[in-house]
Amino acid sequence: MAVAETQLYAKVSNKRRSKSTSALLESLLAKGFPAHIAQKALAATGQKTIEDAAKWLHSHCNDPSLDDPIPQEYALYLCPTGHLHNHLQEFWKESKRQCGKNRAHEIFPHITLCDFFTCEDQKVELLYDTLKRVGDSFSQSFPPFISLSLHSSTSYLGFFVGDSHANILKDFALAFSSEASALADCHVKPCLKQLHLTLAHKFYPHHQNTLEQLAKCINPGDTCQWVAALYSRDMRFVHYQTLRALFQYKPQNIDELMINTGDFVYVDPTQQSDVSEGWVIGTSHRTGCRGFLPENYTERANESDTWVKHREYVFVTASRLFTQTENEPNVKLNGGVYNPSTSRSVTNVLSLENAILRRGVLVMRHGERVDQVFGKSWLQQCLTADGKYYRADLNFPSTLPKRKDSVKHFECDPPLSCCGIFQSKLIGEALLDQEVTVSYVYSSPALRCVQTAQHILQGLKLDQKVKIRVEPGLFEWTKWEASRVIPNFMTVTELAEASYKIDTSYRGNFPLSSLVPSESYEEYVSRSSAVIKNIITACPNKGKGVILIVGHGSSLASFTRPLIGLPARDSSDFAQAVRKIPSLGMCFCEEIKEENKWQMVNPPVKTLTHGANAAFNWRNGIVED
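Residues numbered from 1 in each chain as written. Predicted model: local features only at pLDDT ≥ 70, side-chain atom pairs only at ≥ 80, totals over all residues. Heavy atoms only, no water.

- The name recorded for the protein chain in an unreviewed UniProt entry is Ubiquitin-associated and SH3 domain-containing protein A, from Stercorarius parasiticus.
- A UniProt comment under Subunit (unreviewed entry) is attached to the protein chain, and it reads "Homodimer or homooligomer. Interacts with CBL. Part of a complex containing CBL and activated EGFR. Interacts with ubiquitin and with mono-ubiquitinated proteins. Interacts with dynamin." (UniProt positions renumbered as here; feature names shortened; annotations may be inferred.)

**Concerning the overall build of the protein chain**
No. 1: Along its length, the protein chain carries 16 helices and 20 strands.
No. 2: With 625 residues in all, the protein chain has 50% of them scored as buried.
No. 3: Relative to all contacts within the protein chain whose residues are 6 or more apart in sequence, the contacts with residues 24 or more apart total 77%. (Helix = DSSP H or I, 4+ residues; strand = E, 2+ residues; numbered from the N terminus. Buried < 20%, exposed > 50% of the residue type's maximum accessible area, 1.4 Å probe, protein only. Contact = heavy atoms within 4.5 Å.)

**Focus: the packing of helix H6 (residues 124-138) against helix H7 (residues 163-184)**
No. 1: In the contact formed by H6 and H7, the axes pass within 9 Å of each other and the chain directions differ by 145°. Helix-helix and strand crossings are classified by hand; for H6 and H7 the assignment is right-handed. On the side of H6, the interface is formed by Leu126, Leu127, Thr130, Leu131, Arg133, Val134, Gly135 and Phe138, while H7 contributes Ile168, Asp171, Phe172, Ala175, Phe176, Glu179, Ala180, Leu183 and Ala184.
No. 2: Grouping the constituent residues of the contact of H6 with H7 by class yields 12 nonpolar, two polar and three charged. (Axes fitted to C-alpha atoms, helices over the stretch in contact; angles between N-to-C directions. Left-handed = near helix turned anticlockwise from the far one by under 90°. Nonpolar A, V, L, I, M, F, W, Y, C, P; charged D, E, K, R; others polar.)

**Examining the environment of Ala215**
No. 1: By secondary structure assignment, the location of Ala215 is in helix H8 (residues 208-215).
No. 2: In this structure the C-alpha to C-alpha distance between Ala215 and Ala200, which are 15 residues apart in sequence, comes to 9.5 Å.

**As for the confidence of the model for the protein chain**
No. 1: On average, residues of the protein chain score 86 in pLDDT, and 88% of them reach the 70 mark or higher.
No. 2: Predicted confidence is poor over residues 1-19, with pLDDT under 50, and the contacts of this stretch with residues over four places away or in other chains come to 21 contacts. (pLDDT = per-residue confidence, 0-100.)

**Concerning a nonpolar patch on the surface**
No. 1: Together, Phe616, Trp618 and Ile622 line one region of the surface with nonpolar side chains, adding up to about 410 Å² of accessible area.
No. 2: Within the fold, Phe616 resides in the segment after strand E20 (597-601).
No. 3: Exposure remark for Phe616: the relative accessible area of 64% places this residue in the exposed category. (Patch = residues over 30% accessible without salt bridge, like charges linked within 9 Å, V, L, I, M, F, W, Y side chains within 5 Å. Areas by Shrake-Rupley, 256 points an atom, 1.4 Å probe, with all protein chains shown as cover. Salt bridge = Lys/Arg side-chain N within 4 Å of Asp/Glu carboxyl O.)

**Topic: the sheet that holds strand E8 (residues 264-267)**
No. 1: Strands sit in the order E10-E9-E8-E7-E11 across an open sheet of five strands; the sheet is antiparallel. Across the chains shown, the open sheet's two edge strands, defined by having one partner strand only, are strand E10 (290-294) and strand E11 (298-300). Direction aside, the axes of adjacent strands within the sheet are offset by 45° on average.
No. 2: When strand E9 (residues 279-284) meets E10, the two strands line up antiparallel, connected through five bridges. Within E10, the position partnered with Ile281 by the bridge is Phe292. (Pairing = 2+ DSSP bridges.)

**A short note on the packing of aromatic side chains**
No. 1: Evaluated as defined, the whole model comprises 28 aromatic pairs.
No. 2: A centroid spacing of 4.0 Å and a plane angle of 5° characterise the contact between Phe142 and Phe315, whose relative ring orientation is stacked. Of this pair, Phe142 sits in the loop between H6 and strand E3 (148-152) while Phe315 sits in the loop between strand E12 (308-314) and strand E13 (331-333), placing them 173 residues apart in sequence.
No. 3: Residue class for Phe315 comes out buried when judged on its relative accessible area of 4%.
No. 4: Here the aromatic rings of Phe237 and Tyr266 are separated by 4.1 Å at their centres, their planes lie at 5°, and the arrangement is stacked. Of this pair, Phe237 sits in the loop between strand E6 (226-234) and strand E7 (241-245) while Tyr266 sits in strand E8, and the two are 29 residues apart along the sequence.
No. 5: By relative accessible area, which is 10% here, Phe237 ends up buried.
No. 6: Grouping aromatic residues by their ring pairs yields a cluster made of Tyr77, Phe108, Phe116, Tyr231 and Trp307.
No. 7: For the cation-ring pair, Arg233 lies above Phe116, with the distance from its terminal atom to the ring centre recorded as 3.6 Å.
No. 8: Its guanidinium or amino end placed over the ring of Tyr128, Arg311 lies 4.1 Å from that ring's centre, counting from NZ or CZ. (Phe/Tyr/Trp six-rings, centres within 6.5 Å; stacked < 30°, edge-to-face > 60°. Lys NZ or Arg CZ within 6 Å of the ring centre and 35° of its normal.)

**Some remarks on unusual backbone geometry**
No. 1: The backbone of Ser518 sits at a positive phi, close to 55°, despite the residue not being glycine.
No. 2: Considering the arrangement of structural elements, one finds Ser518 in the loop between helix H13 (492-497) and helix H14 (521-538).
No. 3: A positive phi angle is found at Asn596, which is not glycine, with a value near 55°.
No. 4: For Asn596, the location among the structural elements is in the loop between strand E19 (586-592) and E20.

**A closer look at the pattern of salt bridges**
No. 1: In total, this model carries 24 salt bridges according to the counting rule given.
No. 2: In this structure, the salt-bridge partner of Arg133 is Glu179, at a minimum N-O distance of 2.5 Å. Here the residue Arg133 occupies a position in helix H6, and Glu179 occupies one in helix H7, the gap between them amounting to 46 residues.
No. 3: Residue Arg133 is classed as partly exposed on the basis of its relative accessible area of 41%.

**Side note on the nonpolar core**
No. 1: Formed by 52 residues in total, the largest nonpolar core has its most connected members in Leu78 and Leu199.
No. 2: Looking at which element gives the most residues to this core, the answer is H7, with seven residues.
No. 3: The residues touching Leu199, leaving out its near neighbours within four places in the chain, are Leu88, Phe91, Trp92, Ala104, Leu150, Leu157, Gly158, Phe159, Ala215 and Ile218.
No. 4: Listed in part, the 42 residues of the second largest apolar core include Phe396, Ala446, Ile456 and Leu584. (Core = buried A, V, L, I, M, F, W, Y, C linked by side-chain atoms within 4.5 Å.)

**Section: the environment of Ser139**
No. 1: Within the secondary structure, Ser139 is located in the loop between H6 and E3.
No. 2: For the pair Ser139 and Val316, spaced 177 residues apart in sequence, the C-alpha separation works out to 7.5 Å.
No. 3: Other than its neighbours up to four places away in sequence, Ser139 contacts Tyr313 and Phe315.
No. 4: Within the structure, Ser139 has its side chain in polar contact with the backbone oxygen of Asp136 (distance 2.9 Å). (Polar contact = N/O pair within 3.5 Å; in protein donor to acceptor, adjacent residues only side chain to side chain.)

**Observations regarding the pairing of E8**
No. 1: Of the two faces of E8, the one carrying Phe264 and Tyr266 and the one carrying Val265 and Val267 are both buried.
No. 2: Bridge count between E7 and E8: four bridges; the pairing is antiparallel. Counterpart to Arg244 in the pairing with E8 is Phe264.

**Considering helix H5 (residues 82-99)**
No. 1: The end-to-end C-alpha separation of H5 is 26 Å, in line with the 26 Å expected for 18 residues at 1.5 Å each.
No. 2: Turning to H5, its buried residues number three or more, namely Leu84, Leu88, Phe91, Trp92, Glu94, Ser95, Gln98 and Cys99.
No. 3: Immediately downstream of H5, the backbone of Gly100 shows phi near 80°, a positive value. (Expected span 1.5 Å × (residues − 1).)

**Some remarks on the sheet that holds strand E18 (residues 546-551)**
No. 1: Taking strand neighbours across the sheet as the criterion, the six strands line up as E17-E16-E18-E15-E19-E20 in an open arrangement whose pairing is mixed. Strands at the two margins of the open sheet, each flanked by one partner only, are strand E17 (468-470) and E20. Averaged over all pairs of adjacent strands, the angle between their axes in this sheet comes to 25°, without regard to strand direction.
No. 2: By the bridge criterion, five bridges tie strand E16 (residues 438-443) to E18 in an arrangement that is parallel. Among the inter-strand pairings, Val438 is bridged to a residue of E18, identified as Val546.

Written out as structure tokens, the structure is:
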């Protein structure tokens, strides 16, 4: 694109974005909407079209906060576009894939010019005018390129803006904040400290080297057109988690939330302790309504997914219209220099690492258990007057395994439901499809865990080749046992006689007698750390062989964190995290033998999601009114 054409595009683009919104407000007022509600709808949708505002008003007709005078929060960001933006997005994707999500993934690539501030709905248009006016005044002095140098620490990785260019950006931010504060009567604070573009933040220290290698694939001298963009967010949900609906959910009860696929839901983590397992209480971004919804219908979204872009100012500089070749700038990493033209691509770095065969540990929660569906009194529903078991619902197992002591011990050591059996086989089949080689299997002594391990092996077609090692030390935190005593588990001999493929020669690291009722959190953490270390030591490295550990919801954190060198969570945070782990939830760690450490990566198979299926009586609603 020629220089003159590009500059003309910028003028037209910036002019189009500065269009007055008074006509939009008049249209809504003509439809009978009160002024404060119409202004609220325009502010929430970026004051773009009458259709967007009308759709928002229709969706929020039952929003209990519709009349509340709560303004939006606004921030001014400088965002890259073009080749640099594309390479940053590739880094975002690959860093998340290799090292998991960190704080930087919550927001798109940007340099913060003015952090979040509030502005009354009726004065937002003044912010647009200010952005246009200040942008025009700086368009000639805006740097032809922005100098970026890579800096890294154990918890931060990003590009720092060079001093000379940073001073221009700070002057621009200061001019915008001064004029916006005066015109819109709001307190706008410019960022006057070290300006930066964050690549990764609050990541695990052992991921620092991997992230640095990926960052070196980014050439900050790539062609880039910078855009000053004004974003808004709902200030009520700043400290909430944002979930995205994977499926539609239609409420079964009056206190449940209607969600459509793609909806965003705000969830306050501090309000979930009294919510039933598998459910969360949240507020819909689309409707403003609040209610309960099944957690497995959602996935974690990014914080910025619900933000609204209002206006932007495009800075165009002629010298950046030409791609640099011979004079590509070298990039400094905390004083070191490398040439981006000789660096490998992010994809090449990834493929090289994956070419190495590694040992893995797959930690998994058991499948759906009967008391999870039918309650703690499930056994009473299945016993005849003379104490014989019968199948009261098709989701009850067809039979119970034989044990020498009373059948009532199954109340504290429940089996899988039929759906739990199906889930476990499905996971095994998925592992088989992905050609996962399971060399060892360890299970908690709980019957539901042994059964899960058995059916996973059946799905893998390994039930005749690999035997299950029953390890009492894998049992969950005993403080959570409702009976306040250690359950009376089936013995290894009884399990083998019931046709479970048990390694009867295995002697556990922690005998059953060592499990203490109502153990402290510190005791549980110590036990878990010792058990996982003993298991790793007992399993020789066989290339890419996987050690499968079937345990409980608490197992995922308590066995993987010590393996990858992380301290235990606080007990309250631990309990909240465990509550969210579904049946067959899993974590996967792989060994980096050349560095003598382990890292957590994506599991080899996808998650298993399904909905509830309530009990049904054909008489109700079909024959009888």
